[in-house]
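# Observations on the model geometry
Next come the chains, spelled out residue by residue.
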Amino acid sequence: MDELYRINIEAILAQANLIAQLKDSEGTDNEKTIALRESMRGILGALQSIGVIPEAQAVEEDIALDRLTPIMAEVLRQ
């Protein structure tokens, strides 16, 4: 179980690092928004995998992610 946590924490940190680099990366705003959404989905998936987010709540989290992504993308553009 400890190995599962370690792998998922490393995945969360890697995705967070990618999000932090998005503002200065090359690509269109749409490409950056897609990358942001996928990184955030990766974080949610890792949190779900280790039980932080119950599977029953995953659909609600996915809906929230779809609403939050455009807001975060706008912040990155500024």
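As a starting point, this report considers the structure included with it. (Residues numbered from 1 in each chain as written. Predicted model: local features only at pLDDT ≥ 70, side-chain atom pairs only at ≥ 80, totals over all residues. Heavy atoms only, no water.)

## Side note on the overall build of the protein
The condition is simple: Numbering goes from the N terminus for both helices and strands, where a helix is a DSSP run of H or I of at least four residues and a strand is a run of E of at least two. Buried residues are those whose accessible area, probed at 1.4 Å on protein chains only, stays under 20% of the maximum for their type, while exposed residues exceed 50% and partly exposed ones sit between those limits. A contact between two residues is defined here by any heavy atoms of the two lying within 4.5 Å.
The helix and strand inventory of the protein stands at three helices and zero strands. Going residue by residue from the N terminus, the α and β elements of the protein occur as α-α-α. Taken over 78 residues, the protein has a buried fraction of 21%. When contacts within the protein are restricted to residue pairs at least 6 apart in sequence, long-range pairs at least 24 apart make up 65% of them.

## A short note on the pattern of salt bridges
Convention followed: The salt bridge criterion pairs a side-chain nitrogen of Lys or Arg with a carboxyl oxygen of Asp or Glu, the two atoms within 4 Å.
Overall, the coordinates contain six salt bridges when judged by the stated rule. Measuring nitrogen to oxygen at the nearest pair gives 3.9 Å for the salt bridge that ties Asp66 to Arg37. Taken together, the residues Asp66 in helix 3 (residues 58-77) and Arg37 in helix 2 (residues 29-49) connect sequence positions 29 residues apart. Given a relative accessible area of 23%, Arg37 falls into the partly exposed group. One salt-bridge network, held together by shared partners, links Arg37, Glu38, Arg41, Asp62 and Asp66.

## Structural notes on the environment of Asp24
Structurally, Asp24 is set in the loop between helix 1 (2-22) and helix 2. C-alpha separation for the pair Asp24 and Leu76, spaced 52 residues apart in sequence, amounts to 9.0 Å.

Take it as geometry only, folks, not as evidence of what the structure does.
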